[in-house]
Structures are given as C-alpha cells and as structure tokens.
Amino acid sequence: MKPALEQISPIYKFKSFQFLKLEVEAFPHLWHYHPEIELTYIQNGRGIRYVGDRIEAFQEGDLVLLGENLPHTWATQGKQNTPLQCGIIFQFPLSLFESFPEMSHLADFLKNADKGFHFPNPSQEIIQMITNFENLGPSHQLLSLFDLIIRLEKEEKTSISNSPNYSLNHLHKENSRINRIKGYLHENFDQKIELSHIAQMVPMSPTYFSAWFKKSTGHTLITYVNKLRVEQACRWILSTDWDIAEIAYKVGFHQVAHFNRVFKNEKNMAPTTFREKHPKKP
C-alpha cells in the first residue's frame, strides 16, 4: 500500500478550505501527503507522529502546521485516556492566502512550513479558536481561519523534519512501498527486528533494502526502530513507576546499558535524568 495522495481539491468548488473533526477509536498509520497546507490539533489521543524524517511522540494538545506535499501521519499507540481519539484538521491551498496582497507575509510563513512547524505552547486563545471553529457559520469560519494563521505566525514554533524537500516523483515512486514497512515497524518495534525478514516484505535483498530504506526515511533501519523504542520509553518513564530496566526490556532492548546509550543519544540525557526533569503524566 503506497502513501495516499489525498484528493482534497474537489471541495474547492463549494468551499475555500477543508475542516474536519476526526473522532476514531485509533488514528491509523497512513503515511500520506497532499498539496494542501494542513493544520492539525490533537484534542484526544496519544501515539507517534511521523513527519518527513522525524519520529516523535504526541499527546493531547499537539498542534502542528504542515507545508505542501510533506509526508505525515499520526498513529495511535499505547494506553489512551479516552475511548475515542479526536483530531481537528484544517486543510487549504496556499493560493487562498496568495490571492490577497495584504497576506503575502502569511503566504511566506506557510511556504516556510515546508518541513513542518510544531507549536509547543500555543496560547489559550488559539486553542479556543480551534475547538470552537465547528460552531461558526461558513463566512465566520473563513475569517476565523485567516485570524488563526495570523496568530500562529507570531507563536513560538520549532521545525519538525530535517529532510530535504520531497519531489513529487520521489513521493509517488520511492514511498510506494515504505508505507507497508513503516506500518509494520509501528506495530512491532518492541519485537526482534531482523533485516532479512523486513527486506523480504518489499521484497528486496538486505543490502539493497538498507540503502533504499535510508534514502526513503533518512535513517538506517536500526536507527529508525530505536527512535520508535525511545519515544515509547519516554511515555512509560513519565506515566509509570516502572524501573528503567523494565521499560528498556518492554520496548525491545536486551541490554539496559545499550538502551541507556541509545536514549542519551536521542534525548541528550540519561533516562533517569529525563524522569527527574519532566513531571509525571497520567
């Protein structure tokens, strides 16, 4: 199954943008992209966010702006606080803002989201605008969207992906098989991962697969898996009283010393320090 090119453009005959409130039992791993800008707010849900070459944990309150044709997915993982996961999503063409000279600075801001922006501490006003959006009429929704982007331009933000811009040819061709591999790893990262077995899923020789996987994801297979393991470990470190050793084994490491080295390489601190510096989350 290849990453879907999400067809949003037909709605523009009737609306200037797409707005949806997605409520599901779990966000599926669906690696996809589209030419529209996307703003996603996670109202309920926890798991792994994949954007370009970046793998990070997400939870309630996650707010991300994605530029054109940036591959992404949010995938539920781990214990959830609510039976339904909820994402609030805005999708719109860059041309919506390019049409107005007065908004040229906003068009530039949206173009600069080509690697994605994460907003770690959005204001309460922005959150209220997002969560109340569905209660507005069509005209007020459009005005509210403009106001929302104006506010986001001024908010604290960090870039997400480090990958170079994806060409459409690369997206169509090279990522067509990667979705299956990424989905499998998302579900089985805590198991023993053997290169020969993963390569057979495509199928490719192990040598060719290793080169192809790194070119497609920006990571070697083991680095990619270790990133998934560390993100799950972080959630358990902050939400349980389990020993670090127990967590290391649960996420797939066979040696605690190896886990500690990988964790420090990813988070720039030891697991015990990470637990001390971050408040416990339910």
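Calculation rules
Residues numbered from 1 in each chain as written. Predicted model: local features only at pLDDT ≥ 70, side-chain atom pairs only at ≥ 80, totals over all residues. Heavy atoms only, no water. Helix = DSSP H or I, 4+ residues; strand = E, 2+ residues; numbered from the N terminus. Polar contact = N/O pair within 3.5 Å; in protein donor to acceptor, adjacent residues only side chain to side chain. Contact = heavy atoms within 4.5 Å. Phe/Tyr/Trp six-rings, centres within 6.5 Å; stacked < 30°, edge-to-face > 60°. Lys NZ or Arg CZ within 6 Å of the ring centre and 35° of its normal. Buried < 20%, exposed > 50% of the residue type's maximum accessible area, 1.4 Å probe, protein only. Pairing = 2+ DSSP bridges. Core = buried A, V, L, I, M, F, W, Y, C linked by side-chain atoms within 4.5 Å. Salt bridge = Lys/Arg side-chain N within 4 Å of Asp/Glu carboxyl O. Axes fitted to C-alpha atoms, helices over the stretch in contact; angles between N-to-C directions. Parallel < 35°, antiparallel > 145°, perpendicular 65-115°, else oblique. Nonpolar A, V, L, I, M, F, W, Y, C, P; charged D, E, K, R; others polar.

Student: Hey, could you go over the side chain of T73 for me, with residue numbers and the actual values?
Tutor: On the secondary structure map, T73 appears in strand β8 (residues 72–76). From its side chain, T73 meets the backbone nitrogen of L30 in a polar contact 3.0 Å long. Beyond its immediate stretch of four places on either side in the chain, T73 contacts P28, H29, L30, W31, I48, R49 and Y50.

Student: Please provide a residue-by-residue account of the packing of aromatic side chains, values included.
Tutor: Tallied over the entire structure, the rule returns 17 aromatic pairs. An angle of 75 degrees between the planes, with centres 5.5 Å apart, marks the rings of F263 and F274 as edge-to-face. Of this pair, F263 sits in helix α11 (residues 256–267) while F274 sits in helix α12 (residues 271–277); the two residues are 11 residues apart in sequence, bridging distant segments of the chain. An aromatic cluster of three or more residues is present, and its members are Y50, F209, W212, F213 and Y224. Over the aromatic face of F17 sits the side chain of K15, whose NZ or CZ is 5.3 Å from the ring centroid.

Student: Which residues make up the pairing of strand β9 (residues 85–92), and what values do they have?
Tutor: As a general feature of sheets, a regular strand has side chains that alternate between the two faces. For β9, the buried fraction is high: 8 of the 8 residues fall into the buried class. In the sheet, strand β2 (residues 18–24) pairs with β9 via 7 bridges, with the strands oriented antiparallel. Counted as the bridge partner of E23 is C86 from β9. Two strands pair when backbone bridges link them, and strand β4 (residues 37–44) and β9 are joined in this way by 7 bridges, in the antiparallel orientation. Within β9, the position partnered with Y41 by the bridge is I88.

Student: An account of the nonpolar core is requested, with residue identities and associated values reported.
Tutor: Core analysis: the biggest nonpolar cluster contains 36 residues, and I181, L185, F209 and F213 have the highest contact counts within it. The set of elements that each furnish at least two residues to this core consists of β5 (47–51), α6 (178–188), α7 (195–200), α8 (206–217), α9 (221–239), α10 (244–250) and α11. Once you skip the residues sitting within four places of it in the chain, I181 turns out to touch I198, M201, V202, F209, W212 and F213. Counting 32 residues, the second largest nonpolar core, distinct from the first, contains F17, L39, A113 and F119.

Student: Let's hear about the pattern of salt bridges: which residues, and what values?
Tutor: Two side chains with opposite charge may pair up if their charged atoms get near one another. Summed over the entire model, instances satisfying the criterion amount to 11 salt bridges. Between R54 and E56 there is a salt bridge, and its shortest N-O distance comes to 3.4 Å. Given a relative accessible area of 23%, R54 falls into the partly exposed group. Among the ionic pairs, R151 bridges to D147, the shortest N-O distance being 3.3 Å. In this pair, R151 and D147 are both assigned in helix α4 (residues 138–154), 4 residues apart and thus about one turn of the helix distant. Its relative accessible area of 29% is what places D147 among the partly exposed residues. Within the structure, one salt-bridge network assembled from shared partners comprises R49, R54, E56 and D62.

Student: Explain the environment of F97 to me, and be specific about the residues and the numbers.
Tutor: In this structure, F97 sits in helix α1 (residues 95–98). Look past the residues within four positions of F97 in its chain and what remains in contact with it is F92, M103, L106, A107, L110, F146 and I149.

Student: Let's hear about the packing of α9 against α11: which residues, and what values?
Tutor: Two elements in contact, α9 and α11, have axes whose closest approach is 10 Å; the angle formed by their N-to-C orientations is 90 degrees. By the criterion of interaxial angle, the relationship of α9 to α11 is roughly perpendicular. Taken together, the residues of α11 that come into contact with α9 (itself represented by N226, K227, V230, E231, A233, C234 and I237) are F259, V262, F263, E266 and K267. Here the contact of α9 with α11 is built from residues that sort into 7 nonpolar, 1 polar and 4 charged.

Student: I'd like a description of the sheet that holds β4, backed by residues and values.
Tutor: Taken together, the 6 strands give an open sheet; going across it, the order is β2-β9-β4-β7-β10-β11, and neighbouring strands pair in antiparallel fashion. Each end of this open sheet is capped by a strand with a single partner; those strands are β2 and β11 (158–159). The sheet strands contacting helix α3 (residues 124–131) are β4, β7 (63–66) and β9, and the helix crosses β4 at an angle near 95 degrees. Against the sheet, α4 makes contact with β2, β4, β7 and β9, and its axis sits at roughly 95 degrees relative to β9, the strand it touches most.

Student: How would you sum up the side chain of Q85? Please name residues and give values.
Tutor: Tracing the backbone through its elements, the reader meets Q85 in strand β9. Residue classification places Q85 among the buried positions, given a relative accessible area of 1%. Among residues more than four places away in sequence, those in contact with Q85 are L22, E23, V24, E25, A26, F27, N44, G45, R46, T76 and Q80.

Interpretation in functional terms is not warranted from these geometric data alone.
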